[in-house]
Amino acid sequence: MVSFDKYNLNQNLLKSIKELKFNKPTSIQVDVIPKILSSDNDIIATAQTGTGKTAAFGLPIIQLTDNLNENIECVILCPTRELCLQISKDLNDYSKYMKYPKIIPIYGGSKIESQIKDLKKNPKIIVCTPGRLNDFIKRKKINLSLVKYFVLDEADEMLSMGFKSEIDKILDKTPLERRIYLFSATLSQKVKKVTQTYMENPLMISASNANKGVKTIKHIYYVSKKSRRYDIIKNIIDINKSIYTIIFCRTRRETKEISNKLIGDNYKAKVLNGDLSQSE
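Residues numbered from 1 in each chain as written. Predicted model: local features only at pLDDT ≥ 70, side-chain atom pairs only at ≥ 80, totals over all residues. Heavy atoms only, no water.

**A closer look at the overall build of the chain**
Stage number 1. In terms of regular secondary structure, the chain is built from 11 helices and 7 strands.
Stage number 2. Projected onto its principal axes, the C-alpha coordinates of the chain cover approximately 65 × 50 × 40 Å.
Stage number 3. Here the chain holds 280 residues, and the buried ones make up 42% of them.
Stage number 4. When contacts within the chain are restricted to residue pairs at least 6 apart in sequence, those whose partners lie at least 24 apart make up 69%.
Stage number 5. Surface accessibility of the chain: about 16,800 Å² in total, with carbon and sulfur atoms responsible for 50%. (Helix = DSSP H or I, 4+ residues; strand = E, 2+ residues; numbered from the N terminus. Buried < 20%, exposed > 50% of the residue type's maximum accessible area, 1.4 Å probe, protein only. Contact = heavy atoms within 4.5 Å. Areas by Shrake-Rupley, 256 points an atom, 1.4 Å probe, with all protein chains shown as cover.)

Spelled out as structure tokens, the structure:
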């Protein structure tokens, strides 16, 4: 059986891994961990959520940044505040017994003053959302000139959310010799454009078939006139009594209209769109 011992990881990292009950590395970890530890190549990895990719890049990067430097050595960029907090928590769990790595999250929707205060602790690794990181760069609160490792996590999601220009601005502030590790569930044309612009002879690693959905999900579609769409939605909910449903709409106005209709028809529904505050 393959174990984490084969990667020559720091004993303090191995201690954390054991406590977290990581019995054996996943497929993406087997492929990525040794490459980050021993190779100077950029990496493009296709992996679905739940395959263990945070540990795949997190464990070797923590090992590589276990030194006396007070500079930011690694930036991990991700699309949402929730993912930012989750990655930060995971990395702090991995580095529980390490001496030097300090990992902090930088994200929007919270007080900027507390994050500025955290930056004064000289973190080695920062986990960021694109908008807030650019804000800190503009304020000259973050210097990326000595960054060695740059992770783009869920790159397809970030690009589909319109963060291309933000990512460009951030990467332009990093050294040319930094290594880039890009993780994406799919290799869309937008993702390929980023890889062609910023990555040089990257290694291709796949823990899932590129541009294919998870096998455990069944896809069904119905063709309908717009006037009948709402009735079909109700029928689907009624037929599947225990269903937990997310209804995606084209506009914010439509999210409000459908939510109000469902509430009016005695369904438990809530609206979620960009008009809500972060706390809502």
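Let's pick the thread back up.
**Brief notes about the layout of surface pockets**
Stage number 1. Volume-wise, the largest pocket comes out at about 1,400 Å³.
Stage number 2. Mapped by element, the contributors of at least two residues to the lining of the largest pocket are helix H4 (81-94), helix H6 (130-138) and helix H11 (252-264).
Stage number 3. With 5 residues, H11 is the largest single contributor of residues to the lining of the largest pocket.
Stage number 4. Here the lining of the largest pocket is composed, by residue class, of 18 nonpolar, 12 polar and 7 charged.
Stage number 5. Reported here for the second largest pocket is a volume of approximately 580 Å³.
Stage number 6. In terms of lining, the second largest pocket is formed by 20 residues, of which the most central are Arg229, Ile233, Ile247, Cys249 and Ile258.
Stage number 7. Going through the elements one at a time, helix H10 (229-239) and H11 are the ones with two or more residues in the lining of the second largest pocket. (1 Å grid on protein atoms, 1.4 Å probe; cavity = no way out; pocket = protein on both sides within 12 Å on 5 of 7 lines; lining within 4 Å. Points joined across faces, edges and corners; volume = space filled by probe spheres on them. Nonpolar A, V, L, I, M, F, W, Y, C, P; charged D, E, K, R; others polar.)

**As for the sheet that holds strand E1 (residues 43-46)**
Stage number 1. Strand order across the open sheet formed by 7 strands is E3-E4-E2-E5-E6-E1-E7, with parallel pairing between neighbours. Each edge of the sheet is formed by a strand with only one pairing partner; in this case those strands are strand E3 (103-106) and strand E7 (203-206). Averaged over all adjacent pairs, the angle separating strand axes in this sheet is 15 degrees, with direction ignored.
Stage number 2. One ladder, built from 4 bridges, connects strand E5 (residues 149-152) with strand E6 (residues 179-184); its direction is parallel. The partner of Tyr149 across the bridge, within E6, is Arg179.
Stage number 3. Seen against the sheet, helix H3 (residues 53-64) touches strand E2 (74-77), strand E4 (125-128), E5 and E6 and runs at an angle of roughly 170 degrees to E5.
Stage number 4. With respect to the sheet, helix H5 (residues 112-119) is in contact with E3 and E4, its orientation differing from that of E3 by roughly 155 degrees. (Pairing = 2+ DSSP bridges. Axes fitted to C-alpha atoms, helices over the stretch in contact; angles between N-to-C directions.)

**Let's talk about the pairing of E6**
Stage number 1. Across the 6 residues that make up E6, a large majority, 6, are buried.
Stage number 2. In E6, alternate side chains face the same way, and those of Arg179, Tyr181 and Phe183 on one face and Ile180, Leu182 and Ser184 on the other are all buried.
Stage number 3. Both E1 and E6 contribute to a ladder of 4 bridges, which runs parallel. The residue bridging Ala45 from the neighbouring strand is Phe183, located in E6.

**Focus: H10**
Stage number 1. Within H10, burial applies to Tyr230, Ile232, Ile233 and Ile237. End-on, the buried residues of H10 take up no more than an arc of 160 degrees, which puts them together on one face.
Stage number 2. On the buried face of H10, the contacting elements are H11. (Arc of directions from axis to C-beta.)

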